[in-house]
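# Examining the three-dimensional arrangement
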Amino acid sequence: MKTEEKIRTAVVSGQFYPEDPQVLKGQIRQFLAQAKSRVDDHVRALIVPHAGYDYSGQVAAEAYKSVEGRKFEGVVVIAFLHRMFLQGVLVDDVTAYETPLGRVPVDRELAREIQRFHPLFRNAVPGRIEEHSLEVQIPFLQETVPGLRIVPIYIGAQDITNITVLAEALAKTLKDKSVLVVATTDLSHFHPYAVAARKDRSLIALFEQGNAEVIYEAYAKEEAEACGMGPVLTSILLARKMGWLGPRLLRYAN
């Protein structure tokens, strides 16, 4: 019996990035052409922003440029939900995600392997996911990663339990696999420029030290500000569990 397809269509196309495929492709290619990064075979994970491309596209391109043309068995994208509350972690096992550049298949086998790791993981949420943080990564991935397949993950409550369990699940399931991990966050919001720059630089320094527990404590005390703290801390914990080197800054802007 043929399994019914479930496609997640774009929800911010024409808002956060161009709706026209040629315009979108041209914008991404221009960002990549202007990026100063070089392809690095040692890169295993990226931390990228998720604002509209006019604001954050060039910053994102610095990260994606470092993996351009590399082949991976899959890409795990860790995002979160701005407009919907979820207590646990959603590992989305739909058939595909669709952008103006076409459909990207979901690695449903890997998604379900991750789902089985812990009861915190959910395989469905009610209704349509109105979320941009993951969606805006897909066109960049379509332009840089050949043979792209993704595992979309949304962290609900960005607490230490969800972060730790997800990092443990990924460490177990990604072992011995050539999989790229993409975590997305923006940093501080709504501050005057000088204040934002100071707060962001302080948090970037903590990121580069790679101590997830110290970062989470600062976040819990509201001393550190990032809307995607869960995805970033998951990637930092995962790097430690996998024996990867810590993060290094490619580009910062606000």
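Since this is a predicted model, take the numbers as computed values, not measurements.

So, about the nonpolar core. The biggest cluster of nonpolar side chains holds 40 residues, and the ones touching the most others in it are Leu46, Tyr64, Val75, Leu141 and Val182. Mapped by element, the contributors of at least two residues to this core are helix H1 (21-34), strand E2 (45-48), helix H2 (53-65), strand E3 (74-80), helix H4 (137-144), strand E8 (150-155) and strand E9 (179-184). Per-element accounting of this core gives the leading share, five residues, to H2. Sequence-distant contacts of Tyr64, defined by excluding residues within four places in its chain, comprise Leu32, Leu46, Val48, Gln137, Phe140, Leu141, Thr144 and Val182. Among the nonpolar cores identified, the runner-up in size contains 23 residues, and Ile114, Ile155, Val179 and Leu238 belong to it.

This part is about H1. Count 3.6 residues to each turn of an α-helix, and residues three or four apart come out pointing the same way. The terminal C-alpha atoms of H1, which comprises 14 residues, lie 20 Å apart, in line with the 20 Å expected from a rise of 1.5 Å per residue. If you check which residues of H1 are buried, you get Leu24, Gln27, Ile28, Phe31 and Leu32. End-on, the buried residues of H1 take up no more than an arc of 135°, which puts them together on one face. With respect to the buried face of H1, the exposed residues turned more than 90 degrees away are Gln22 and Ala33. Where H1 is buried, its residues touch H2 and H4.

What follows covers empty space enclosed by the protein. All told, the structure shown has one cavity of 30 Å³ or more when counted by the stated rule. Considering only enclosed or pocket space, the largest cavity measures out at about 30 Å³ in volume. As for the largest cavity, its lining consists of Pro49, His50, Ala51, Tyr53, Ser56, Gly57, Ala60, Val136, Gln137 and Phe140. No other element matches the four residues that H2 contributes to the lining of the largest cavity. A class-by-class count of the residues in the lining of the largest cavity yields six nonpolar, four polar and no charged.

What follows concerns the layout of surface pockets. Size it by volume and the largest pocket reaches roughly 1300 Å³. Lining the largest pocket are 43 residues, and of these Ile47, Val48, Pro49, Leu249 and Arg251 sit closest to its centre. Elements that contribute at least two residues to the lining of the largest pocket include exactly E2, H2, helix H6 (193-209) and helix H8 (229-242). A total of six residues in the lining of the largest pocket trace back to one element, the largest contributor, which is H2. Put simply, the second largest pocket is a space of about 150 Å³. Along its surface, the second largest pocket is lined by 15 residues, and Arg8, Thr9, Val11, Tyr97 and Ile129 are the ones closest to its centre. At the level of secondary structure, the elements contributing two or more residues to the lining of the second largest pocket comprise strand E1 (7-8) and strand E5 (96-99). Tallied by class, the residues present in the lining of the second largest pocket amount to eight nonpolar, one polar and six charged.

What counts, and where the lines are drawn
Residues numbered from 1 in each chain as written. Predicted model: local features only at pLDDT ≥ 70, side-chain atom pairs only at ≥ 80, totals over all residues. Heavy atoms only, no water. Core = buried A, V, L, I, M, F, W, Y, C linked by side-chain atoms within 4.5 Å. Buried < 20%, exposed > 50% of the residue type's maximum accessible area, 1.4 Å probe, protein only. Helix = DSSP H or I, 4+ residues; strand = E, 2+ residues; numbered from the N terminus. Contact = heavy atoms within 4.5 Å. Expected span 1.5 Å × (residues − 1). Arc of directions from axis to C-beta. 1 Å grid on protein atoms, 1.4 Å probe; cavity = no way out; pocket = protein on both sides within 12 Å on 5 of 7 lines; lining within 4 Å. Points joined across faces, edges and corners; volume = space filled by probe spheres on them. Nonpolar A, V, L, I, M, F, W, Y, C, P; charged D, E, K, R; others polar.

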